[in-house]
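# Residue-level structural notes
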Amino acid sequence: MALVVLGTITTFDRSTPVVADGAVYVKPDGVIEAVLPADADPPAGYGSAKRVRTGGVIYPGLIDLHNHLAYNHRPLWAPPGRTEPFTSREQWPRLASYATDIRQPTLALTQVASKALLKFVEVKAAVGGVTAIQGSAVLSRPYEGWLVRNVEYETFATGERSVFQSVRRLAGDAFESARDHMIAGNAFIYHLAEGTSPGLLDEYQDLHDNDCLRPQLVAVHATALGDPQYADWGPHHSSVVWSPFSNLWLYRGTSDVVSARDAGIRVCLGADWSPSGSKHLLGELKVAHLWNHHPKGLDGALSDQELCEMVTANPADAVGWSDRVGRVEPGLLADLLVLNSRRPDPYENLIKATERDVRLVLVGGRPVYGTPGLMRTAGAQHADPIRVAGLRRAVSLVDPDVQDADMSWPQVLAALEAARQDPHAAQARLLAAPGDEEPFRLIPDDPGGEPPETLTAAELRAVEVPPLDSLTHDRAYLAAVRTAPIHGGLLDGLTSYYS
């Protein structure tokens, strides 16, 4: 249906950055037809449209270009007994505690309850205003029923993927494949030089030597890079995805995003994953702001607007989606986030917002999450009640016309709890379910490079799956941050954003 979404509009269109009392006119196909002052004459055909008076600030939906969705059931993880930072991503995945605490539980849940797990982590993202997220890795079969856009699998109804990725270091013919994707105009997301060891610079040199430094390259982390690499890389106008929480949590250092920006590299922000990162991108935005003003950080080199562009316009531009999403403009899809208006500056309002401030999330004009009242007004169907940070919210997961959009929020929680309590029994129920179709499986992209595997019956009986992570940056999360030794107190200031 056609919608008129009313409120203060932060467009990220430099010609008209803010419309103080505005209206976003959304066609039935989910495309924005016009962005106008609320008292201006509307386009033709909106006489019977639903008018959603948000009372808040309207933004483009947040775009998370670095995540590992399968692992986001897991709370923060601190390697037992570890007090000194790691220097490379090759280290921590080799710990025995990583296998027992993260890898094995994730293999179990993705083996016996993948659909429920995917829906849980998508809701977790939407709670933080995310409308597109990267990091679904491999799917066992084509999947419909996404709650938010999945960066690797989103085709915008063209049937053609435009974003490809690799978590692990490229070698041999993989460079040619990556280069061919980029020559064809597709984005290539690549984990590059994660850590602080000088030896990681070889990964950058490999990209250089194989002609993979291109505008379509989206490099994740790049924490080991310095001025010489950025000076060499800058003329290629690539993009880098910054995940400061995970970097500081594991390595006690993070990417030199100011040098990257100054060299001509576009900077985006990514939440990484919940074992060593933020719960969603709205949380990661606070970490970026904290580091920007930290005494050991960036000395305020980034403006609030620049930080906010890292989660909206910049990632859209990085993956070639600037004609689809990332701004509030006519002709783009209505992927929108509505927040409470707490502060007069719209960029500070976004940075300082918490889960309690998220009022409505639209994906292509479809209401997926928000307050019960706004969800009803926006035409949400089959919305389930959900409690977030002690507040009443609603989430719309079920669509009878869409395959795989067939689980309500209570069913998602029940399925995951049953799988957590007895993974072996959950697998037996899954295999005994009627139907000829292969059970859907989300195959995790293990950061340690371990190949995916199927757990045996004995392994399923032995694995211990911890309780599901909370959806919000709650007291337990902040306490875990304060007591973890590796980051050396660099993240302690996060508490002030949630007080």
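For the structure itself, consult the block above.
Below: a short report on this structure.

About the cut-offs
- Within every chain, residues take consecutive numbers counted from 1 along the sequence as written.
- Per-residue local features are limited, in this predicted model, to residues with pLDDT of at least 70; the limit for side-chain atom pairs, both in listing and counting, is 80 or more; totals at the level of whole chains, interfaces and linings are taken over all residues.
- Where side-chain values are given, they derive from all heavy atoms of the structure, hydrogens and water being excluded.
- Side-chain atoms within 4.5 Å are what join buried Ala, Val, Leu, Ile, Met, Phe, Trp, Tyr and Cys residues into a set we call a nonpolar core.
- Each residue's exposure class comes from its accessible area (1.4 Å probe, protein chains only) as a fraction of the maximum for that residue type: buried when under 20%, exposed when over 50%, partly exposed otherwise.
- Put simply, DSSP H or I for four residues or longer makes a helix, DSSP E for two residues or longer makes a strand, and each gets a number counted from the N terminus.
- Two strands pair if DSSP finds at least two bridges between them.
- Every axis corresponds to a line fitted to the C-alpha atoms, with the helix fit spanning only the stretch in contact, and the corresponding angles, defined between N-to-C directions, vary from 0 to 180 degrees.
- Contacts are assigned to residue pairs with any non-hydrogen atoms lying within 4.5 Å of each other.
- Under the pairing criterion, centres of Phe, Tyr and Trp rings, with the six-membered ring standing for Trp, must be within 6.5 Å; the plane angle then separates stacked pairs below 30 degrees from edge-to-face pairs above 60, leaving the rest tilted.
- Lysine and arginine charges are scored as sitting over a ring when NZ or CZ, respectively, is within 6 Å of the ring centre and within 35 degrees of the ring normal.
- In this description, the term disulfide denotes a pair of cysteine sulfurs within 2.5 Å.
- When a carboxyl oxygen of Asp or Glu is within 4 Å of a side-chain nitrogen of Lys or Arg, the pair counts as a salt bridge.
- Should an angle lie under 35 degrees it is considered roughly parallel, over 145 roughly antiparallel, and from 65 to 115 roughly perpendicular; all remaining angles are considered oblique.
- It is the rotation of the near helix from the far one that decides the hand of a crossing: anticlockwise by less than a right angle makes it left-handed, clockwise makes it right-handed.
- Here the nonpolar group is Ala, Val, Leu, Ile, Met, Phe, Trp, Tyr, Cys and Pro; Asp, Glu, Lys and Arg are the charged ones; every other residue, Gly included, is treated as polar.
- Working rule for helices: expected span equals 1.5 Å times residues minus one.
- For this quantity, the arc is that covered by the directions from the helix axis to the C-beta atoms.

All right, on to the nonpolar core then. Of all hydrophobic cores here, the largest spans 121 residues; its most connected members are Trp-233, Trp-242 and Tyr-369. Counting residues per element, this core draws most heavily on helix α2 (residues 114-127), at 9 residues. By size, the runner-up hydrophobic cluster in this structure holds 21 residues, among which are Val-35, Ile-58, Val-338 and Leu-362.

Next up on the list: the sheet that holds strand β10 (residues 187-192). Read from one edge of the open sheet, 5 strands run β9-β10-β11-β12-β13, paired in parallel fashion. Strand pairing shows two members of the sheet lacking a second neighbour, β9 (163-166) and β13 (266-269), which therefore form its edges. On average, adjacent strands in this sheet sit at an angle of 25° to one another, irrespective of strand direction. Its contacts with the sheet put helix α4 (residues 201-209) on β10 and β11 (217-221), and the angle it makes with β10 is roughly 150°. Where helix α8 (residues 281-292) meets the sheet, it contacts β12 (239-242) and β13, and its direction lies at approximately 125° from that of β13.

Turning our eyes to something else, we now look at the packing of aromatic side chains. Under the defined criterion, the tally for this structure stands at 16 aromatic pairs. Taken together, the ring pairs in this structure connect Tyr-71, Trp-77, Trp-92, Tyr-98 and Trp-273 into an aromatic cluster. In this arrangement the basic side chain of Arg-82 is found over the ring face of Phe-86, its NZ or CZ atom lying 4.0 Å from the centre.

Tallying each qualifying case throughout the model produces 0 disulfides. Cys-212 carries a free sulfur, and the closest cysteine sulfur to it, the one in Cys-268, is 19 Å from it.

Counted under the stated rule, the structure contains 22 salt bridges. The partner of Asp-404 in a salt bridge is Arg-141, and the shortest N-O contact between them spans 3.1 Å. With Asp-404 in the loop between β18 (391-396) and α13 (409-421) and Arg-141 in the loop between β7 (138-139) and β8 (149-150), this pair connects stretches of sequence that are 263 residues apart. With respect to burial, Asp-404 and Arg-141 carry one shared label: buried. Between Glu-154 and Arg-149 there is a salt bridge whose closest N-O contact spans 3.3 Å. Overall, the relative accessible area of 10% leaves Arg-149 in the buried class.

Now for the packing of helix α1 (residues 96-112) against helix α14 (residues 423-432). Relative to each other, α1 and α14 sit at 20°, their axes nearing to 9 Å. One element, α1, and the other, α14, form an angle in the roughly parallel class. The handedness of the crossing between α1 and α14 comes out as left-handed. Contacts between α1 and α14 involve Ala-108, Gln-111 and Val-112 on the former and, on the latter, Pro-423, Ala-426, Gln-427 and Leu-430. Residues that form the contact of α1 with α14 fall into these classes: 5 nonpolar, 2 polar and no charged.

With that out of the way, let us pick up the side chain of Ser-166. Mapped onto the elements of the fold, Ser-166 is located in strand β9. Looking at Ser-166, the relative accessible area reads 15%, which means it is buried. In this structure Ser-166 touches Phe-188, Ile-189, Tyr-190 and His-191, once residues within four positions along its chain are discounted.

Helical periodicity: at 3.6 residues per turn, an α-helix aligns residues three or four positions apart in one direction. With 13 residues, α13 extends 18 Å from end C-alpha to end C-alpha; this agrees with the ideal 18 Å at 1.5 Å per step. Its buried side turned inward, α13 meets α1, α2, β17 (383-388), β18 and α14.

When we look at burial in helix α16 (residues 475-483), the residues that qualify are Tyr-477, Leu-478 and Val-481. Buried residues of α16, viewed axially, fall in a sector of 95°; they line one side. Opposite the buried face of α16, at more than 90 degrees from it, the exposed residues are Arg-475, Ala-476 and Thr-483. Where the residues of α16 are buried, they touch α6 (244-251) and α17 (495-498).

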